[in-house]
2 protein chains.
Amino acid sequence: MRKIGVLGGMGPEATIYFMQQVVDAVEARDDADHIPLLVDNNTQVPSRIKAILEGGGADPAPVLVQMAKGLVAAGAEALVMPCNTAHYYAGQVAQATDAPFLNMVDMASAEAARIAPGGKVGLLGSPALQQVGVFEDALSRVGVSPVYAREQSRALAAIRSIKAQGPSEFAAHSLSDICAQMVADGADVICICCTEFSLLSRQIASSVQIYDAMQLLVSATVTFSRGEEQVVGAA
Amino acid sequence: MRKIGVLGGMGPEATIYFMQQVVDAVEARDDADHIPLLVDNNTQVPSRIKAILEGGGADPAPVLVQMAKGLVAAGAEALVMPCNTAHYYAGQVAQATDAPFLNMVDMASAEAARIAPGGKVGLLGSPALQQVGVFEDALSRVGVSPVYAREQSRALAAIRSIKAQGPSEFAAHSLSDICAQMVADGADVICICCTEFSLLSRQIASSVQIYDAMQLLVSATVTFSRGEEQVVGAA
């Protein structure tokens with residue numbers, strides 16, 4: 001099995017959840033059946049929200065590039081980054097090394113097109129996604145349009161509360177409200193595209209199909225490590 | 001905060017649990033308040049149980065030494081290994097680099113001496129601990145005697161079931177029975193010293209005080225990362 005490098009710590013709890021999902025995805029009889037991961041759970045990556053939304057913060061890109069190089073130097077054969085917002089820097093991360101970068105935004109976009117061809121996907125994520133258009137190119141390539149939350153401040157409040165206090169029922173309700181609004185605005189399907197929200201994926205209610213970008217990354221990680229097939233989003 | 005290198009994957013679920021405990025130990029307002037960890041969740045370390053108990057398996061030591069070197073080369077400023085049995089190789093790991101190795105067995109032994117000075121500690125862990133005396137020197141230095149499970153095969157069955165199916169009520173009952181037997185054999189305190197059993201620490205019942213070696217390692221990790229004080233077991 002190939003060792004997968006994880007650019008983590010954004011936030012640390014989401015990284016741990018990603019790792020647990022990778023463990024859960026494997027039918028194991030002993031440790032050796034599990035996927036080997038090399039995880040830089042770097043809690044000191046400059047805030048993506050501060051850099052993108054508020055301006056003036058330190059640039060996360062050079063830190064992410066260094067993490068990618070360090071993971072590959074230490075033996076990672078592919079890279080993943082379980083943070084949707086950080087995919088704003090995906091191009092720089094992918095170019096930092098020769099190892100394939102399994103792009104979660106590309107996977108999430110392909111899944112939207114599979115479920116709702118030519119339709120609209122409600123992006124349940126950080127306001128930063130809209131601000132800098134993290135999904136725009138990938139969705140446009142597969143012929144799907146994005147729908148964003150009207151009340152972006154509520155999504156941001158949910159992220160901050162999960163990062164500070166962990167997942168809560170309060171945050172889940174708030175996110176379900178946002179889903180209802182995005183469906184009213186035409187979303188045919190909802191994509192959970194903030195790994196903090198992935199922690200609540202089972203508690204978020206929606207009247208249309210809902211899927212979690214992180215789960216796609218989990219599957220791709222297992223598949224790539226085992227060398228079984230071509231992974232969508234490997235660049 | 002200093003980045004701590006984790007020799008992990010023994011098993012992967014115990015490593016994830018360790019990481020989660022480190023997150024939970026920190027009062028955080030944002031990602032940056034959390035402890036940065038560099039985790040080699042290496043599921044391909046040769047089986048410690050096979051090497052120690054059954055003989056003939058590959059030697060885990062050279063792999064652990066390479067992991068230690070790799071983590072330090074990638075920026076870890078101290079090393080931890082959330083697997084009690086693997087501490088059989090602690091000397092080789094500690095000598096592999098110049099970074100301090102925070103020794104969980106030394107911490108667990110010091111805690112036994114604090115709770116039951118001059119007494120006996122029941123070691124709830126892998127049969128491999130007794131087979132090669134992983135705790136013998138450390139306990140002897142602090143004047144505490146070990147008590148082992150009479151039915152070592154039950155402990156081994158519990159480890160194998162947790163590694164294969166995850167923590168279960170069945171395993172917790174089995175471990176509680178072992179605790180009762182060790183108390184009957186004179187244990188003044190019980191030390192959970194298998195990180196697979198740590199996953200069940202709240203479900204294991206005992207008539208004497210019970211503590212988890214992994215929790216001591218979690219505290220030491222947070223303390224060392226923050227540079228706050230001298231850590232017992234840092235060598």
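What counts as what
- Residues numbered from 1 in each chain as written.
- Chains lettered and ligands numbered in written order.
- Predicted model: local features only at pLDDT ≥ 70, side-chain atom pairs only at ≥ 80, totals over all residues.
- Heavy atoms only, no water.
- Salt bridge = Lys/Arg side-chain N within 4 Å of Asp/Glu carboxyl O.
- Helix = DSSP H or I, 4+ residues; strand = E, 2+ residues; numbered from the N terminus.
- Buried < 20%, exposed > 50% of the residue type's maximum accessible area, 1.4 Å probe, protein only.
- Axes fitted to C-alpha atoms, helices over the stretch in contact; angles between N-to-C directions.
- Parallel < 35°, antiparallel > 145°, perpendicular 65-115°, else oblique.
- Left-handed = near helix turned anticlockwise from the far one by under 90°.
- Contact = heavy atoms within 4.5 Å.
- Nonpolar A, V, L, I, M, F, W, Y, C, P; charged D, E, K, R; others polar.
- Core = buried A, V, L, I, M, F, W, Y, C linked by side-chain atoms within 4.5 Å.
- Buried area = accessible area lost by both parts, 1.4 Å probe.
- Domains from an automatic or database assignment.
- Polar contact = N/O pair within 3.5 Å; in protein donor to acceptor, adjacent residues only side chain to side chain.
- Pairing = 2+ DSSP bridges.
- Disulfide = S-S within 2.5 Å.

Q: So, the pattern of salt bridges: which residues are in play, and what are the values?
A: Per the stated rule, a full pass over the model turns up 20 salt bridges over all chains. In this structure, the salt-bridge partner of Lys-163 of chain A is Glu-196 of chain A, at a minimum N-O distance of 2.7 Å. Remark: Glu-196 of chain A occurs in helix α10 (residues 195-198) and Lys-163 of chain A occurs in helix α8 (residues 152-165); sequence separation between them is 33 residues. Each member of the pair, Lys-163 of chain A as well as Glu-196 of chain A, is classed as buried. Of the charged contacts, one joins Asp-106 of chain B and Arg-141 of chain B as a salt bridge, the two residues approaching to 3.2 Å between their closest N and O atoms. Taken together, the positions of Asp-106 of chain B in helix α5 (residues 104-115) and Arg-141 of chain B in helix α7 (residues 136-141) put the pair 35 residues apart, joining distant regions of the chain. Taking the relative accessible area as the measure of exposure, Asp-106 of chain B reaches 23% and is therefore partly exposed. Salt bridges linked by common partners bring Asp-31 of chain A together with Arg-48, Lys-163 and Glu-196 of chain B together as one network.

Q: Which residues make up the packing of helix α1 (residues 12-24) of chain A against helix α1 (residues 12-24) of chain B, and what values do they have?
A: Across the interface, α1 of chain A lies against α1 of chain B with an axial gap of 10 Å and an inter-helix angle of 165°. On the basis of their axis angle, the class for α1 of chain A and α1 of chain B is roughly antiparallel. Here α1 of chain A runs over α1 of chain B; the crossing is left-handed. Contacts between α1 of chain A and α1 of chain B involve Pro-12, Glu-13, Ile-16, Met-19, Gln-20 and Val-23 of chain A on the former and, on the latter, Pro-12, Glu-13, Ile-16, Met-19, Gln-20 and Val-23 of chain B. Classifying every residue of the contact of α1 of chain A with α1 of chain B by side-chain character gives eight nonpolar, two polar and two charged.

Q: Break down the nonpolar core for me, citing the residues and quoting the values.
A: Within the largest apolar cluster, 136 residues are counted, with the highest numbers of intra-cluster contacts made by Leu-124 and Phe-197 of chain A together with Leu-124 and Phe-197 of chain B. Residues within four places of Phe-197 of chain B in sequence aside, it is in contact with Leu-124, Gly-125, Ala-155, Ala-158, Ile-159, Ile-162, Leu-175, Ile-192 and Ile-204 of chain B.

Q: How would you explain the interface of chain A and chain B if you had to name every residue and give the values?
A: Between chain A and chain B, the residue contacts involve 30 residues of the former and 30 residues of the latter. Summed over both sides, the interface of chain A with chain B buries roughly 2,600 Å², with 51% coming from carbon and sulfur. Counting the surface chain A buries against chain B, the share from its top three residues, Ile-16, Asp-31 and Thr-43 of chain A, is 21%. Our enumeration of links across chain A and chain B arrives at six salt bridges. Between Lys-163 of chain A and Asp-31 of chain B there is a salt bridge; the shortest N-O distance is 2.9 Å.

Q: Go over the domain arrangement of chain A with me, naming the residues and quoting the values.
A: Where the parts come together, the accessible area they lose is often given as the size of the interface. Residues and elements named next belong to chain A. According to the domain assignment, chain A contains domain 1 (4-103 + 215-226) and domain 2 (105-213). Computed over C-alpha atoms, the centres of domain 1 and domain 2 are 20 Å apart. Opposite the 22 residues of domain 1 that make contact, domain 2 presents 28 residues. Taking both sides of the interface into account, the surface hidden between domain 1 and domain 2 amounts to around 2,100 Å²; carbon and sulfur atoms contribute 62%. By the criterion of area lost to domain 2, the three top residues of domain 1 are Asn-84, Asn-103 and Leu-216, representing 31% of everything that side buries. The interface formed by domain 1 and domain 2 holds one salt bridge in total. A salt bridge links Arg-160 to Glu-54; the nearest nitrogen and oxygen atoms lie 2.8 Å apart. At the boundary of domain 1 and domain 2, one finds 12 residue pairs in polar contact (both at pLDDT 80 or more). The biggest single contributor to the side of domain 1 that touches domain 2 is helix α2 (residues 48-54), with five residues. Along the lines of polarity and charge, the residues of the side of domain 1 that touches domain 2 split into 13 nonpolar, six polar and three charged.

Q: So what about the sheet that holds strand β7 (residues 209-212) of chain A? Which residues, and what values?
A: All names here are of chain A. An order of β5-β4-β6-β7 is seen for the four strands of this open sheet, with the pairing classed as parallel. Single-partner strands in this sheet number two, and they are β5 (145-147) and β7. Each strand axis lies, on average, 30° off the axis of its neighbour in the sheet, ignoring direction. In this sheet, strand β6 (residues 189-192) lies alongside strand β4 (residues 120-124) in parallel orientation, the contact comprising four bridges. Residue pairing for β6: Leu-123 is matched across the bridge by Cys-191. Here helix α9 (residues 169-184) sits on the sheet and contacts β4, β5, β6 and β7; the angle it forms with β4, its principal contact strand, is near 160°.

Q: Explain the side chain of Thr-97 of chain A to me, using residue names and the numbers behind them.
A: All names here are of chain A. Within the secondary structure, Thr-97 is located in the loop between α4 (90-96) and α5 (104-115). Here Ala-99 takes part through its backbone nitrogen, which lies 3.1 Å from a polar atom of the side chain of Thr-97. Dropping the residues within four chain positions of it, Thr-97 is found in contact with Ala-68, Lys-69, Val-72 and Leu-79.

Q: Go over the state of the cysteines with me, naming the residues and quoting the values.
A: A full pass over the atoms with the stated rule returns zero disulfides over all chains. The cysteine Cys-83 of chain A is free of any disulfide, with Cys-194 of chain A supplying the nearest cysteine sulfur at 7.0 Å. The exposure class assigned to Cys-83 of chain A is buried, which follows from its relative accessible area of 6%. We note that Cys-193 of chain B lacks a disulfide partner, and the nearest cysteine sulfur, in Cys-191 of chain B, lies 4.3 Å from it. In this structure Cys-193 of chain B comes out as buried when scored by relative accessible area, which is 0%.

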